[in-house]
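Structural overview for review
Each chain is listed here by its residues.
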Amino acid sequence: MFANRCIPWIAAGLLAGVAALALAGCGKQEPTPAGTAPPPPAAARVLVVGTDAAYTPFESQNEKGEIAGFDIDVVKAIAGKAGFEVKFVDTPWEGIFNALDQGDRDLLVSAITITGERRQTMDFSKPYFEARQLIAVKRDAQVARFEDIKAMKVGVQNGTTGDEVVGKLQGKSSGNIKRFESTPLALKELEAGGVEAVVADNGVVEHYLANNPGGGFRTVSDAAFPVEQYGIAVKKGNAELLARIDKGLDGIKADGSYDKIYAAHFGSTPK
Ligand code: ARG
């Protein structure tokens, strides 16, 4: 490659009497010196995983600033099985799909529900987790089912499936829907009394309540909420990476490591 590219230049340079210049120019492009490894092929590069790390127990930052959680362990295990390396980068939910589309992230793991709409702009792995929406209210609230929060001020994380279901109930442009950058912010607002309910993924709401016994919250489930499946997202058309992820996922389900990760985070094995 080096020789091919440079020979015409060297020849031209010699003819023009500026051989030295031409050689100096080519020298800059000289491949790695003997003994050092050539640059790794694309597949061997460390893949950048985007995650909105404010979603315990799926993804959050620990005291050391490391990103950890169920999703993180699942992707690490998949990467180990499928033979690729990953690094996790905290990526706000608001820009997360754009970051994937722009190529700033190779994949996303962020408790992302696979939806028909999202499938139009990105590709998803096989489902790796099942979830549902869950309502959090103050203990004394008059709420027994989803319908009961129709006229209430409801907090959601902007652009999530929680936002979507509440939008269906109240009308998308309802002034009673308060959209927050993160789910913890919505829950804080419930505590502060700024909203009367929060609708978010069950795992996160349950975890929050369990860790904030003083918050005075209660949960309300409703069978009307559809079952949601989380998937790992890749850029639309990245079939090669998707196949590796799916293969890795099959592998960690078959060898029991998925169940171990599940138990470590949720204290039981998946139903
Ligand atoms: N499952 C929901 C959705 O896909 C919420 C996901 C939010 N995830 C996060 N890490 N903030 O819309």
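Just so we're clear, the structure is a prediction, and the values are computed from it rather than from any experiment. (Residues numbered from 1 in each chain as written. Predicted model: local features only at pLDDT ≥ 70, side-chain atom pairs only at ≥ 80, totals over all residues. Heavy atoms only, no water.)

Structural notes on empty space enclosed by the protein
Stated formally: Here a cavity denotes grid points, spaced 1 Å and computed from the protein atoms alone, that fit a 1.4 Å probe unable to get out, and a pocket denotes an open set having protein on both sides within 12 Å along at least 5 of 7 lines; residues with an atom within 4 Å of a point are the lining. Grid points are joined across faces, edges and corners, and a volume is the space filled by probe spheres set on the points. Classes in brief: Ala, Val, Leu, Ile, Met, Phe, Trp, Tyr, Cys and Pro nonpolar; Asp, Glu, Lys and Arg charged; the others, Gly included, polar.
Across all of its chains, the model carries 2 cavities of 30 Å³ or more by this definition. A volume near 80 Å³ is recorded for the largest cavity. What lines the largest cavity is simply Asp52, Tyr55, Glu59, Trp93, Ser110, Ala111, Thr113, Arg118, Gln157, Thr160, Thr161 and Asp201. Looking at the lining of the largest cavity, its residues break down into 3 nonpolar, 5 polar and 4 charged. Within this model, the second largest cavity holds a volume of roughly 30 Å³. Around the second largest cavity sit Tyr55, Gln133, Gln157, Thr160, Gly162, Thr183, Val199, Ala200 and Asp201, which together line it. Broken down by class, the residue content of the lining of the second largest cavity amounts to 3 nonpolar, 5 polar and 1 charged.

Some thoughts on the environment of Thr183
For clarity, the cut-off: To qualify as a helix, a DSSP run of H or I must reach at least 4 residues; to qualify as a strand, a run of E must reach at least 2; elements of each kind are numbered from the N terminus. Whether two residues touch is decided by their heavy atoms; if any such pair falls within 4.5 Å, the residues are in contact.
Assignment of secondary structure puts Thr183 in helix α7 (residues 183-192). Distance from Thr183 to Ala200, taken between C-alpha atoms, is 7.2 Å for residues 17 residues apart in sequence. Apart from residues lying up to four places away in sequence, Thr183 is in contact with Tyr55, Gln157, Ala200 and Val204.

Structural notes on helix α10 (residues 257-266)
Because each turn of an α-helix spans 3.6 residues, side chains separated by three or four positions in sequence point in the same direction. Inclusion rule: Each residue's exposure class comes from its accessible area (1.4 Å probe, protein chains only) as a fraction of the maximum for that residue type: buried when under 20%, exposed when over 50%, partly exposed otherwise. Arc, as used here, means the arc of the directions from the helix axis to the C-beta atoms.
Within the sequence span of α10, burial applies to Ser257, Tyr258, Ile261 and Tyr262. Around the axis of α10, the buried residues are gathered within 140 degrees of arc, so they sit on the same side. In this structure, α10 carries Lys260 and Ala264 as exposed residues pointing more than 90 degrees from its buried face. Elements in contact with the buried residues of α10: α3 (70-82), β8 (129-131) and α9 (239-254). Among the residues trailing α10, Gly267 stands out with phi positive, at a value near 70 degrees.

Quick notes on the sheet that holds strand β9 (residues 133-138)
Put simply, the test is: Pairing between strands is defined by DSSP: at least two bridges between them are needed. Axis definition: a line fitted to C-alpha atoms, limited for helices to the stretch in contact. Angles are taken between N-to-C directions and run from 0 to 180 degrees.
Spatially, 5 strands are ordered β11-β10-β12-β9-β13 in an open sheet, and the strand pairing comes out mixed. For this open sheet the edge positions go to β11 (177-180) and β13 (217-220), each flanked by a neighbour on one side alone. Across the sheet, the mean angle from the axis of one strand to that of its neighbour is 30 degrees, orientation sign disregarded. Bridge count between strand β10 (residues 154-157) and strand β12 (residues 197-201): 2 bridges; the pairing is parallel.

Some remarks on the sheet that holds strand β5 (residues 86-90)
With mixed pairing, 5 strands are arranged side by side in an open sheet as β5-β1-β6-β15-β7. Unpaired on one side and paired on the other, β5 and β7 (122-124) mark the two borders of the sheet. Alignment of strand β1 (residues 47-51) against β5, held across 5 bridges, turns out to be parallel. Bridging from a neighbouring strand, Val49 pairs with Phe88 of β5. Running over the sheet, α3 touches β1, β5 and β6 (107-108) and is turned about 155 degrees from β5.

A word on the pattern of salt bridges
Applicable threshold: Whenever a carboxyl oxygen of Asp or Glu lies within 4 Å of a side-chain nitrogen of Lys or Arg, that contact is scored as a salt bridge.
In total, this model carries 9 salt bridges according to the counting rule given. Arg45 is paired through a salt bridge with Asp106; the nearest N and O atoms lie 3.0 Å apart. With a gap of 61 residues between them, Arg45 in the loop between α2 (19-28) and β1 and Asp106 in the loop between α4 (93-101) and β6 connect regions that are remote in the sequence. Note on Arg45: relative accessible area 39%, which makes it partly exposed. Residue Asp106 is classed as buried on the basis of its relative accessible area of 14%.

Overview of the packing of aromatic side chains
The geometry of an aromatic ring pair is captured by the separation of the ring centres together with the interplanar angle, meaning the angle of the planes. To keep things clear, this is the line we draw: Aromatic rings from Phe, Tyr and Trp, taking only the six-membered ring of Trp, are treated as a pair when their centres fall within 6.5 Å; an angle between ring planes under 30 degrees marks them as stacked, one over 60 as edge-to-face, and anything in between as tilted. Whether a charge sits over a ring comes down to the Lys NZ or Arg CZ being within 6 Å of the ring centre and within 35 degrees of the ring normal.
In total, this model carries 19 aromatic pairs according to the counting rule given. Members of the aromatic cluster, connected to one another through ring pairs, are Tyr55, Phe58, Phe70, Tyr128, Phe129, Tyr230, Tyr258, Tyr262 and Phe266. Sitting over the ring of Tyr258, Lys253 keeps its end group 5.1 Å from the ring centre.

What to know about the pairing of β1
In terms of residue burial, β1 counts as a mostly covered element, since 5 of its 5 residues are buried. Across the two faces of β1 the burial is the same, with Leu47, Val49 and Thr51 and Val48 and Gly50 all buried. Relative to β6, β1 is paired through 2 bridges, and the arrangement is parallel. Residue pairing in the sheet places Val49 in a bridge with Leu107 of β6.

Description of the side chain of Thr113
Put simply, the rule is: Counting of polar contacts relies on pairs of N or O atoms within 3.5 Å, with two restrictions inside protein: one atom must be capable of donating a hydrogen and the other of accepting it, and residues adjacent in sequence are counted only when both atoms are side-chain atoms.
With respect to the helices, strands and loops of the structure, Thr113 is situated in the loop between β6 and α5 (116-119). Thr113 gets classed as buried once you look at its relative accessible area, which sits at 4%. Reaching out from Thr113, the side chain makes a polar contact with the side chain of Glu228 at a distance of 2.7 Å.

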